[in-house]
Amino acid sequence: MSRKLWLSTVTMSIVLLAVFAASAVAKSAKTGAVGGTLNADLTTDVDYTDPALDYLQTGWEIEYATCLKLMNYPDANGAKSSQLVPEAAAGFPKVSTNGKVYDFNVKASFTKFSNGAPVTAANFKAAIDRDADPKMQSPAVAFFSDIVGSDKSPVSGVKVSGSHLIITLTQASPDFLARMAMPFFCAIPTDLPHDPNGVLAPASAGPYYISDRVPNKSITIKKNPNYKGKRPHNVNQINYTVGNSLDAIYLRTQQGATDYAAGGIPPASYAEAAQKYGINKGQFWVKPILSVSYLAFNHDRPLFKGATGTALAKAINYAIDRKALLAQGGYLAGKRTDQILPPGMAGFRDASLYPLKGPDLTTAKKWMAKSGVKDGTTVEFYTSNRGAAPLQAQIYQFNLKQIGLSVNTHLFARAVQIDKEGTRGEPFDITTEGWLADYADPYDFINVLLSGDNLHASNNNNVAYFNDPKYNKAMRDASLLSGDARYKAYGNVDVNISKDNPAWAARANSNNRLLVSSRVGCFTYNNIYGPNLAALCIK
Amino acid sequence: MWAFVLFIAVTIVTYVIFYAIPANPARLACGQRATAECIKRAAHYLGTDRPLYVQYGKFFGRLMPVAGLGPNNFSPHFKTPNLGRSFTNRLTVNSVVLNAAPVTASLVFGGAVFWMLIALPVGILSALRPRSLLDRIAMVFVLVGISAHPVWIGLLLAYFLGFKAGVFPITGYCDFINPSGNCGGPVQWAYHLVLPWATFAFLFAALYVRMIRANVMEALGEDYVRTARAKGAPEWLVMRSHVLRNALLPVVTMLGMDIGIALGGAIFTESVFGLPGLGKTAIQAIENFDLPTTQGVVVFATLCIILLTLVVDLLYAWIDPRIRLT
């Protein structure tokens, strides 16, 4: 009896499995044959799909395809992709002589919202008013606080007159146009609710719209049927699946079960992918991100104060092994650097300041001698316990030991590290940090990360607590310039700080390493938002 | 009563652990260019600007199904327990848990069927034929099952059966009902869960084979079994009424506890196969310092363990006539 029971159980299981497999394989094959649909895989969900709240790279990548903005970045590769062009605006705005009033003429007859509503200047005002509503808790507030009356909604400094959107600022801000190109300020329906929890699938007027989102499961993007503009809009639909592991995403992309590894692939697989598909030859793309990774020297601490501190900062810049540090991020993780601004950012001027190929211990030791720091001095070093950071911490420890510094490493969860290093008075000497461009203007790097004018008791971005009156003035002056003069001034500030009074030891600019399936074509990469979803097509 | 005390203790411990970590969820909510004003507003919105005991009190108040007494002080006002909103995406934690729980339940109950389908026949046959070839093969299976990590097993299955053979999907989940897109319905649901079930079942099947084998062997040596055989009872009747009935009592206890714990989140299996269940939700919530979501999963897991323990106690009385509820 027992043998019969055993046999029948096994037979039954095999039959059931075969039935499931056969029927489901047939259905999957049929689904895969649908034309015009791309599939993308994400490991974790976007934070929001509401433009007022979304502040993560993946979400912005989607919004680059769905949003209609006054000014936008063109669908082009390389440096051109970070040069602003008018989109819903008929041209560049008229700016008053004092630089405080911007007059945009909104002409967007080439598109309507996905729900059929026309686009007018009021839709852009609605976006700013919604961002400004304290109820919304929008992170956008950091980017329009210089608009008159921005602390209340509706914002008094934003007026609509016919097709004109007139924005008045409290002071001249030449980076204002770049900020207006952020997804926070894209056209929204005037009746979009001011819901602090965000709207999952808001109507939009760009080439695509989010038709459906099931949090933590899927995002569906469809072609906006009312869009007749110049921006590409090739595939009919893009389906995001949320939650797959990196290993699974890698296998699925190779298999063709998904077309775009939006969540990335395992760090150990980049070399294999490069070998299999070549680099930038159709499937495996390596493109720069406007970012910088660095060691910030805490200028509030005695070690980094004054001329001796400057000498120590230079010694460390000569002593660290940027090549070994970058290698911890995996194959093609980025490009070594010794400057604040990343290549690709307007104003960047390549200057050879510190060794990029490996440490220069002889020069480092000379600067150590000038600093007067005693051999064996302990340095309190903060870093995160995530990804390659612990491995890099070991390299730093070794490098600094070569010049007589004893590194006391403190590993924290990333959120804890951010909180601790952002608090003035926290007892650290050096911390590891990174910054990703919010928008394509050097202000977002230089002033935000290094101006002494922005120091607070807590929540600092200037975690070097760098506060040099000479450079504070240079940063302020640069921020008021426009055009080439602005970029030249920022380029000078970058090189001068890095060379003469290093607040950091910049070490790398990261790469975006992207894998797509063999059927994906028309790959275009935007320096700010990453892969251009609107331009992707099926071969 | 003790279940209620356990429940309170678990939620308090979670709160205290969370607040021992010096991270600021309001700062995270405001992104990399966080301003003091944004952080202040976010802290107020999230409720993290209040003392710990106030926050816990509010959490507990929201969780209670009774809002207060009516005007005549006799009719209580009932309400839906509310787990709050996520710190990271502001979704209601009720909806997060309710969306994730069916996924985990699908994995756990399906996996339990899988492992019992393997463990029962193999365990019983091993006990009936100790030291036979089948028994030795079964013990090797047990050794591998207990030793191998579910992540490793899952990745192997996904690679060979999903990627190389293309028989099953590598990852993903389809809803049993309310399908989104082309993925949904019972067939796709089961098809996508075959590999996760197999992975999940592997470890437990190994444990249960060992346990069933030991219990059946012990029961086979009991006097009442010998007596039943001596009286001429057929072998199947001896097995069903005397051996299995007694041997399976501890198995039922273990099954109830294991299912209860696993319902709190089968973290490894869900992560490997991209299943949006409670385990994966909890991991993400912990990484993002999202207390309400973490607490929501903890509350749900605690309730599952308490409920499953109760169910096991009731089943005991049904299986074993010697045990009666008082």
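For clarity, every value in this text was computed on a predicted model and none was experimentally measured.

Student: Would you explain the domain arrangement of chain A in this entry?
Tutor: By a frequent convention, interface size equals the accessible area lost on bringing the separate parts together. Residue and element names in this part refer to chain A. When cut into domains, chain A gives domain 1 (3–17 + 26–214 + 516–538) and domain 2 (291–509). Summarising the inter-unit geometry, the C-alpha centres of domain 1 and domain 2 are found 33 Å apart. Listed per partner, the contact involves 14 residues of domain 1 and 12 residues of domain 2. Here domain 1 meets domain 2 over a buried area of about 960 Å², counting both sides, of which 62% is carbon and sulfur. When the area that domain 1 buries against domain 2 is broken down by residue, the three leading residues are P174, D175 and I528, summing to 43%. Counting across the domain 1 and domain 2 interface gives zero salt bridges. On the surface where domain 1 and domain 2 come into contact, there are three residue pairs in polar contact (both at pLDDT 80 or more). At the level of elements, helix 2 (57–66) and helix 4 (176–180) are the ones that each hand at least two residues to the side of domain 1 that touches domain 2. Classifying every residue of the side of domain 1 that touches domain 2 by side-chain character gives nine nonpolar, three polar and two charged.

Student: What is the right way to read the pairing of strand 14 (residues 377–384) of chain A from this model?
Tutor: Sheet faces and side chains relate simply in a regular strand, where the side chains alternate between the two faces. Residue and element names in this part refer to chain A. A large share of strand 14 lies buried, amounting to six of its eight residues. Bridge count for strand 14 against strand 15 (residues 405–412) is eight bridges, and the pairing is parallel. If you follow S384 over to strand 15, its bridge partner there is F412. Tracing the backbone out of strand 14, into helix 10 (residues 389–402) and back to the parallel element strand 15 gives a crossover that is right-handed. With two bridges connecting them, strand 14 and strand 16 (residues 430–436) associate as parallel partners. Paired with Y382 across the strands is T431, a residue of strand 16.

Student: Whenever I open this one, the nonpolar core confuses me. Can you help?
Tutor: Buried together is how nonpolar side chains tend to be arranged in soluble globular proteins. Y73, F104, I167 and W504 of chain A are the most contacted members of the largest nonpolar core, which has 109 residues in total. Counting residues in each nonpolar core, the second largest holds 55 residues, with L107, A201, A228 and F273 of chain B among its members.

Student: In this structure, what is going on with the sheet that holds strand 6 (residues 158–161) of chain A? I would like to understand it.
Tutor: In any sheet, the strands associate via hydrogen bonds between backbone groups, in a parallel or an antiparallel arrangement. Residue and element names in this part refer to chain A. Within the open sheet, the four strands sit side by side as 4-5-7-6. Their pairing is antiparallel. Since the sheet does not close on itself, it has two edges, and those belong to strand 4 (94–95) and strand 6, each with one partner. By the bridge criterion, four bridges tie strand 6 to strand 7 (residues 164–168) in an arrangement that is antiparallel. Residue pairing for strand 7: V158 is matched across the bridge by I167.

The rules behind each value
Residues numbered from 1 in each chain as written. Chains lettered and ligands numbered in written order. Predicted model: local features only at pLDDT ≥ 70, side-chain atom pairs only at ≥ 80, totals over all residues. Heavy atoms only, no water. Domains from an automatic or database assignment. Contact = heavy atoms within 4.5 Å. Buried area = accessible area lost by both parts, 1.4 Å probe. Salt bridge = Lys/Arg side-chain N within 4 Å of Asp/Glu carboxyl O. Polar contact = N/O pair within 3.5 Å; in protein donor to acceptor, adjacent residues only side chain to side chain. Helix = DSSP H or I, 4+ residues; strand = E, 2+ residues; numbered from the N terminus. Nonpolar A, V, L, I, M, F, W, Y, C, P; charged D, E, K, R; others polar. Buried < 20%, exposed > 50% of the residue type's maximum accessible area, 1.4 Å probe, protein only. Pairing = 2+ DSSP bridges. Right-handed = clockwise from strand over helix to strand, strands pointing away. Core = buried A, V, L, I, M, F, W, Y, C linked by side-chain atoms within 4.5 Å.

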